[in-house]
Every structure is written in C-alpha cells, then in structure tokens.
Amino acid sequence: VQLQAYGGGLVQAGGSLRLSCAASGRTFSSYVVGWFRQAPGKEREFVARITWTAGSTYYADSAKGRFTISRDNAKNTVYLQMNSLKAEDTAVYYCAANLYLGGSFNFERLYDYWGQGTQVTVSS
C-alpha cells in the first residue's frame, strides 16, 4: 500500500484548505484511512478517519465542526476539507491506512501504512 498526501500550504486564519491522500497498491475495501498531524515539538495526534467501504467517519474533538473527511472510491483518494483554520492547526499532516478492525480507530499504532506528510501553516 502506497499513500501520497498533498494539498498543504500557507493560509490565513479563518481560511480553508483541502488535503488529499491518494492510495495505490491494492483494493481498499475493508480498509480505514486516517489523518494525523504533528506540530513542532509535539507528538503526532489523530485528526479524523473514514472507513473505505461504509464511509463511517470519526473525528478528534479539535476537528469536529470544522474538518470533513470524505473519500472518492473511483479515484482511490481520501480528502480532508479544513475550514475555519486556526494558528494551532499548523502542523505536518499525514494520512495513514490499515485494515479496519472496528471502533474509533484513532490511535497511531493501529495504522501500518503512512504517507509522507504535507505541511499546513496557518498565519494569524
């Protein structure tokens, strides 16, 4: 499984960005794809995840109401639409994937496949 994350950039506070995670290497039924982020000096944290087949979503509290995760099965791509961005959203954002075993699946250690990360910088 190969994952490529892109779409990061510099945006002003209150603005929006859409991140993309392009997946290849296999069919992704029964998989889950998650977004994580790591700010400077901090540990990597969960943002959101979506199951490939059912489209079930789960969000971190920090993302609820502002971020939306979605997928396009035909394009093998998962998106993270980020609105009302804040300076504290500044981080490197990573997408990750693994077989979905149920539950919230919001722990980094549950994911075996990782993309390279894309930088999001929000200026205040």
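Residues numbered from 1 in each chain as written. Predicted model: local features only at pLDDT ≥ 70, side-chain atom pairs only at ≥ 80, totals over all residues. Heavy atoms only, no water.

K.L.:
Got a sec to walk through the packing of aromatic side chains? Specific residues and values, please.
P.N.:
One pass over the structure, following the stated rule, counts eight aromatic pairs. Taken together, a centroid distance of 5.6 Å and an interplanar angle of 75° make the contact between F36 and F46 edge-to-face. Of the two residues, F36 is situated in strand β4 (residues 31-38) and F46 in strand β5 (residues 45-51); the sequence distance between them amounts to ten residues. Just as F36 is buried, F46 falls in that class too. When the centroid spacing of 6.0 Å and the interplanar angle of 40° are considered together, the rings of F46 and Y58 count as tilted. Placement of F46 in strand β5 and of Y58 in strand β6 (residues 57-59) is noted, with a sequence separation of twelve residues between them. Given the relative accessible area of 34%, Y58 is considered partly exposed. In textbook terms, an aromatic cluster arises when at least three aromatic residues are bridged by ring pairs, as seen for F36, F46, Y58, Y94, Y100, F105, Y111 and W114. In this structure, R18 is placed above the aromatic ring of Y79, and the distance from its NZ or CZ to the ring centre is 4.1 Å. Sitting over the ring of W114, R44 keeps its end group 4.0 Å from the ring centre. (Phe/Tyr/Trp six-rings, centres within 6.5 Å; stacked < 30°, edge-to-face > 60°. Helix = DSSP H or I, 4+ residues; strand = E, 2+ residues; numbered from the N terminus. Buried < 20%, exposed > 50% of the residue type's maximum accessible area, 1.4 Å probe, protein only. Lys NZ or Arg CZ within 6 Å of the ring centre and 35° of its normal.)

K.L.:
Break down the state of the cysteines for me, with residues and values.
P.N.:
A complete count under the given rule lists one disulfide for this structure. For C21, the disulfide goes to C95, at an S-S distance of 2.2 Å. On the sign convention where negative is left-handed, the bridge of C21 and C95, at about 75° about the S-S bond, is right-handed. Here C21 is found in strand β3 (residues 17-24), whereas its partner C95 is found in strand β9 (residues 91-99), with 74 residues between them in sequence. Side by side, C21 and C95 carry an identical accessibility label, which is buried. (Disulfide = S-S within 2.5 Å.)

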